[in-house]
Amino acid sequence: MCGIAAILYKNNVLNAPVGPHLVSMLQSLRHRGSDSTGVTIYSSNNKSNELIIILRITSFKYDKAVLKTNLTQLIQSQGSQIQEFNFTENYIKLIITNIKNIKTLAEQIKSIDNLEIDSIGSNSQVIKDTGDAKDLDNKHHISQISGSHGIGHVRLATESIVDVTHSHPFWAYPFPDITVVHNGQLTNYRSLKRFYESKGHKFQTHNDSELIAVYLADKLANNLSLKEALNQSLVDLDGSYTYLVSTKDGLGFAKEKWSFKPLVLMERKDVIALASEETALRQVFTEEIDRLEPQENEVMTWKI
Amino acid sequence: MINGLMKQLDLTQLDLRNFNSKLKNFAKDGISVSVLHPQAKHNLAVGILNQCQISIEGSVGYYCCSFSDGPNFIINGNSGWGLGSNLMNGSIVVKKNAGASVACSMRNGQVCVYGNAGARAGIAMKGGQLIIGGNSGYLTGYMMQKGKIIICGDVGDAVADSMYEGIIYVGGKISSLGNDAEIGKITTKEIDYIKKTLQNYNINKNADWKKIISSKKLYNYDALEPLEKTKLTI
């Protein structure tokens, strides 16, 4: 059991209270899992040629100064410039310009010991940690972040170990801005993982949900629309799943043919919110409006 | 409802355990209760074993009104999964939509959903009646053992899958029948019965009613009563 939630402000509103809404939605879903909590938030205050990179240090033994020099050298050797370098506890937020090849850059960063990439994107950042949504907010100040849209997840681990690397959202390495949160289990995970590995994809974790992110990103890279990719996933992915996917300028969900995992949504002229349970939607909508429960084999997408 | 005997319980001021025990005590004295600000919380109003009126002013979460025996519930909003699970007697009316597994393992009484119901509505029903004003989802009436389901709208795939006994009436389209289910012959007496039942809930629906029953080919028991071997009619 896991809890998923998403919110999207329409009409290109770029400074909406996405952070605080996600925190209150995820906190009300706390009973669905509190092993770890994570969000992806899409903010607007970013120039078009910049990339935001979120890195996480997995070991206690590291030298801040050495790591900073190593990273700076590595990024400059790729011909890119660092505009911002923020160290907070074991997280690093980088803003860089002039990126030539995201895949090579990601592989280079991965080659540094004890360093994980949480996300790379032009306007997105993945923030995830162990504990519930309140813990996440206290540590990373999510409720101060505004943006256009975002997704979130509370985890009750079933498929792989409880740590930050294996917590959601999963970034679709190495495709920028695509992240996925998933409630359920994939049963054909191993065969599909082998297939994508043979195509040259590198998986960062042993979690089945990461596959959905890579799968969708691969489909989008092959010029399928988000809706087409989601529809195709209903055929290709086996198991129980309701997942949310967010891209640079939109989000969507897919629910498998058994209708095993819950999802409800509420839509107003200016905003759309989705969550595992209605109690989370009530954190966003105080007025009485119609609630929709998607059924089996259902796919929907929205744009900002 | 008699106003003098009606109490109010506000869920912004009570935690779940306190709320349920207070509600249970009011029900023991036959006092009608109005529940404010349910905020789609889970496990509300469960295990109420006396006759009384309980109206919930808003949406409820999972397993609401479960394990109850006697009360008449009105939910002025939506309901989450597993509404009225194992209901022994009494009635539940949902003014909007219900989630998956509505009236699961229900034993007696009436459940009426004015809007749509999710997947697996009436799963393992063991008696009573489930009325759905709108559409119903995948695997409706799965492993149903007794009772009736009336669906005014359309019904999803695999309806009445592995059903033992009981009847499902569908007013709209049937997406597909489940294993061991078949369309039975409907009589005018049954259509009158559906109309009267729906009139009780102020639903006027003129439709080409279809009746789904079990084919009983999955029956593998050799100790059936003679009556059990004939197909169920009203």
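Coordinates for the structure precede this section.
Residues numbered from 1 in each chain as written. Chains lettered and ligands numbered in written order. Predicted model: local features only at pLDDT ≥ 70, side-chain atom pairs only at ≥ 80, totals over all residues. Heavy atoms only, no water.

Novice: Tell me about the overall build of chain A, residues and numbers included.
Specialist: The number of helices and strands found in chain A is eight helices and 16 strands. For 304 residues, the compact-globule formula gives about 19 Å, and the C-alpha radius of gyration of chain A, at 18 Å, lands near that figure. In terms of overall dimensions, chain A has C-alpha extents of about 55 × 40 × 35 Å along its principal axes. Residue burial in chain A is summarised as follows: out of 304 residues, 60% are buried. The contacts of chain A with a sequence gap of at least 6 include a subset with a gap of at least 24, amounting to 70%. When the accessible surface of chain A is split by element, carbon and sulfur atoms take 48% of a total near 12,100 Å². Of the side-chain charges in chain A, 32 are positive and 35 negative, and the distance between the mean point of each set is 3 Å. (Helix = DSSP H or I, 4+ residues; strand = E, 2+ residues; numbered from the N terminus. Rg over C-alpha atoms; globule rule 2.2 N^0.38 Å. Buried < 20%, exposed > 50% of the residue type's maximum accessible area, 1.4 Å probe, protein only. Contact = heavy atoms within 4.5 Å. Areas by Shrake-Rupley, 256 points an atom, 1.4 Å probe, with all protein chains shown as cover. Lys, Arg positive; Asp, Glu negative; His and termini not counted. Charge placed at Lys NZ, Arg CZ, Asp CG, Glu CD.)

Novice: If you had to explain the pairing of strand β8 (residues 149–155) of chain A to someone new, which residues and values would you point to?
Specialist: All names here are of chain A. In terms of burial, β8 is a largely internal element, seven of the seven residues being buried. By the alternation rule, side chains of β8 split into His-149, Ile-151, His-153 and Arg-155 and Gly-150, Gly-152 and Val-154, which are all buried. Relative to β8, strand β2 (residues 36–42) is paired through seven bridges, and the arrangement is antiparallel. Residue pairing in the sheet places Thr-37 in a bridge with Val-154 of β8. (Pairing = 2+ DSSP bridges.)

Novice: Before we move on, could you go through the side chain of Asp10(B) and cite the residues and values that matter?
Specialist: Residues and elements named next belong to chain B. Structurally, Asp-10 can be placed in strand β1 (residues 6–10). Nearest to the buried, unbridged Asp-10 among oppositely charged side chains is Lys-41, at 7.9 Å. Apart from the residues within four sequence positions on either side, Asp-10 is in contact with Leu-36 and His-37. (Salt bridge = Lys/Arg side-chain N within 4 Å of Asp/Glu carboxyl O.)

The values are spatial; any link to function lies outside them.
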